[in-house]
Amino acid sequence: MQQLFGDLGTIETVNGRELAAEQVKDADVLLVRSVTKVNQALLENNDKLKFVGSATIGTDHIDLEYLACRNIPFSNAPGCNATAVGEFAFIAMLELAQRFKSPLKGKVVGIVGAGNTGTAVAKCLKAYGIEVLLCDPVLEKKGDSRSFVSLNTLIDKCDVVSLHVPITKTGEHKTWYLFDEARLNSLRENTWLLNCCRGEVIDNRALLRFKQQRDDVKVVLDVWEGEPNPMPELVPYIEFCTPHIAGYSLEGKARGTFMLYQQLTKVLAIKGDKQMESLLPPLWSEQVSAIEIADERALLQLARFVYDLRDDDELFRNNFLNNHGFDHMRKNHKHRREFSALKVGNIGQTNVNWLSNLGFSGVEL
Ligand SMILES: NC(=O)c1ccc[n+]([C@@H]2O[C@H](COP(=O)([O-])OP(=O)(O)OC[C@H]3O[C@@H](n4cnc5c(N)ncnc54)[C@H](O)[C@@H]3O)[C@@H](O)[C@H]2O)c1
Ligand SMILES: O=C(O)[C@H](O)[C@H](O)COP(=O)(O)O
């Protein structure tokens, strides 16, 4: 924050979930994340706001109509955390495969919502040679050149279903409770279901009832209905639980903040002379040879070297019931890098090129 915005004025950091109108009334610029509701109640006492930015893709916490009618420029950060979410979902699938002795290789994965994050998951999966089906009726209608299937077909044909839609409460393609009781009941035997988008895309009460009957279906939840208070009864039924941190890579956070810096300098018509790279620590150069990545277990070991999902899952189970536990875990989330931060040796060899397609950096050993 200070590095990018320090030259532009005085920065005041506040609790995003409890931000009150009184605290914002003299702000020239408001930068938020997904937990801050930006609406008339927050902004009506402020008549000098020049810019609102959210370092997120989701905009469900922003009253865009209200900002537009007040002529307050707004920007979010589409795509900033797509790689982080893509790698998170891919790693979660590798973890499930290991835990249930059921290889990911050979499965068919369905991605619901083929925008930034959905496409990033597909990229990892395709690099590893996994068949992917996409469902995105909105993009399909807009003429996106990829092939799409309906949600029913996707559920029918896929072993894994990964959710990547925005939360929408109205319209032909609304996603609120897209996975309600009926849809959950339509999942094939032994399906893996992952939600890394918004909690309310799955009816969590229905999910609890469903899981009490269907132990064969394995579920990974990064997002929860009613955050920051996930339903405690549901937690024991979920294979991997995390507190809405799928997009929390160091690179993703830096990208999001940098995108807001670029937008703000544009709105203020000033020269932005900072570089994003200056926000990131150097890459890791470890003596890992790609040739050693002979099977899925070895790939998971490599992925765990970058991000060990089991640590966040354990922290979640131990802390989510504490006072402010969910938010505390998010605020203090241990820095996580993306695959690109790890240099893997001999990656250029033809039989291991797929690791570079997965996002790892290459180096000669
Ligand atoms: N867990 C996290 O940390 C995290 C990180 C990033 C994004 N998110 C959430 O994930 C959502 C998706 O992120 P993104 O970057 O991919 O957004 P995006 O806007 O790039 O893509 C979303 C896609 O969903 C499609 N879509 C909308 N309604 C649909 C429906 N009913 N069925 C199928 N597809 C539908 C849209 O056409 C779009 O292509 C965000 O809106 C945000 O809520 C969560
Ligand atoms: O919409 C998004 O981009 C994500 O949900 C976002 O990364 C969540 O993180 P937060 O803004 O709450 O820190």
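Residues numbered from 1 in each chain as written. Chains lettered and ligands numbered in written order. Predicted model: local features only at pLDDT ≥ 70, side-chain atom pairs only at ≥ 80, totals over all residues. Heavy atoms only, no water.

Under an unreviewed UniProt entry, the name given to the protein is Erythronate-4-phosphate dehydrogenase, and the source organism is Shewanella piezotolerans. According to UniProt, the comment filed for the protein under the heading Subunit (unreviewed entry) is "Homodimer." You can read under Sequence similarities (unreviewed entry) in the UniProt record for the protein the words "Belongs to the D-isomer specific 2-hydroxyacid dehydrogenase family. PdxB subfamily." (UniProt positions renumbered as here; feature names shortened; annotations may be inferred.)

Once that is clear, we can look at the side chain of Lys 274. Relative to the assigned elements, Lys 274 resides in the loop between helix H11 (250-267) and strand S10 (284-289). Of the polar contacts made by the side chain of Lys 274, one reaches the side chain of Asp 7; its length is 2.6 Å. Not counting chain neighbours up to four residues away, the residues in contact with Lys 274 comprise Gln 3, Leu 4, Asp 7, Phe 258 and Tyr 261. (Helix = DSSP H or I, 4+ residues; strand = E, 2+ residues; numbered from the N terminus. Polar contact = N/O pair within 3.5 Å; in protein donor to acceptor, adjacent residues only side chain to side chain. Contact = heavy atoms within 4.5 Å.)

We now examine a nonpolar patch on the surface. Nonpolar side chains collect at one region of the surface, where Leu 8, Val 267, Leu 268 and Ile 270 lie side by side and expose about 270 Å² of accessible area between them. Structurally, the position occupied by Val 267 is in helix H11. (Patch = residues over 30% accessible without salt bridge, like charges linked within 9 Å, V, L, I, M, F, W, Y side chains within 5 Å. Areas by Shrake-Rupley, 256 points an atom, 1.4 Å probe, with all protein chains shown as cover. Salt bridge = Lys/Arg side-chain N within 4 Å of Asp/Glu carboxyl O.)

In this section: the site of ligand 2. Taken together, the neighbourhood of ligand 2 is formed by Arg 33, Ser 34, Thr 56, Ile 57, Gly 58, Asn 81, Arg 198, His 244, Tyr 248 and Arg 330. In this structure, an oxygen atom belonging to ligand 2 sits 2.9 Å away from a main-chain N or O atom of Gly 58. At 2.9 Å from an oxygen atom of ligand 2 is found a side-chain nitrogen or oxygen belonging to Asn 81. Summarising the interface, the protein chains cover 94% of the accessible area of ligand 2, which totals 350 Å² for the free molecule. Here the shell around ligand 2 is built from residues that sort into 2 nonpolar, 5 polar and 3 charged. (Near = heavy atom within 4 Å. Nonpolar A, V, L, I, M, F, W, Y, C, P; charged D, E, K, R; others polar.)

Take helix H10 (residues 204-213) next. Every buried residue of H10 is listed here: Asn 204, Ala 206, Leu 207, Leu 208, Phe 210 and Lys 211. In this fold, the buried residues of H10 make contact with helix H9 (181-185) and strand S8 (218-221). (Buried < 20%, exposed > 50% of the residue type's maximum accessible area, 1.4 Å probe, protein only.)

What follows covers the site of ligand 1. Taken together, 28 residues lie near ligand 1, and Asn 116, Thr 117, Asp 136, His 173 and Asp 222 sit nearest. At a separation of 2.7 Å, an oxygen atom of ligand 1 approaches a polar side-chain atom of Thr 117. Contact between ligand 1 and Arg 198: an oxygen atom at 3.1 Å from a side-chain N or O atom of the residue. For ligand 1, whose accessible area on its own is 860 Å², the fraction buried by protein is 90%. Of all the elements in the fold, those that place two or more residues in the shell around ligand 1 are helix H6 (116-127) and helix H7 (137-141). The dominant element in the shell around ligand 1, judged by the number of residues it contributes, is H7, at 3 residues. Among the residues forming the shell around ligand 1, the class breakdown is 14 nonpolar, 11 polar and 3 charged.

Taken together, the 3 strands give an open sheet; going across it, the order is S1-S2-S3, and neighbouring strands pair in parallel fashion. Only two strands of the sheet have a single neighbouring strand rather than two, namely strand S1 (29-32) and strand S3 (74-75). The pairing of S1 with strand S2 (residues 51-54) spans 4 bridges and is parallel. Counted as the bridge partner of Val 29 is Phe 51 from S2. Sheet contacts for H11: S1, S2 and S3; angle to S2, the most-contacted strand, approximately 165°. (Pairing = 2+ DSSP bridges. Axes fitted to C-alpha atoms, helices over the stretch in contact; angles between N-to-C directions.)

Looking now at the UniProt feature "binding site: substrate" (unreviewed entry) in the protein. Following the UniProt record, the feature "binding site: substrate" (unreviewed entry) maps to Ser 34, Thr 56 and Tyr 248 here. For the residues just named, distributed over 215 residues, the greatest C-alpha separation is only 12.5 Å, placing them together at one site. Take Thr 56: it is sitting in the loop between S2 and helix H4 (64-69). Judged by its relative accessible area of 7%, Thr 56 falls in the buried class. The contacts of Thr 56, once residues within four sequence positions are left out, are Arg 33, Ser 34, His 61, Asn 76, Ala 77 and Pro 78. A polar contact of 2.7 Å, which involves the side chain of Thr 56, links it to the side chain of Ser 54. In this structure, Tyr 248 sits in the loop between strand S9 (240-241) and H11.

Let us now look at the sheet that holds strand S5 (residues 131-135). If you walk across this open sheet you meet the 6 strands as S5-S4-S6-S7-S8-S9, and the pairing is parallel. Since the sheet does not close on itself, it has two edges, and those belong to S5 and S9, each with one partner. Strand direction decides the pairing type here: strand S6 (residues 160-163) and strand S7 (residues 192-195), joined by 4 bridges, are parallel. Its bridge partner lying in S7, Leu 163 is registered against Asn 195. Where H6 meets the sheet, it contacts strand S4 (108-112) and S5, and its direction lies at approximately 165° from that of S4.

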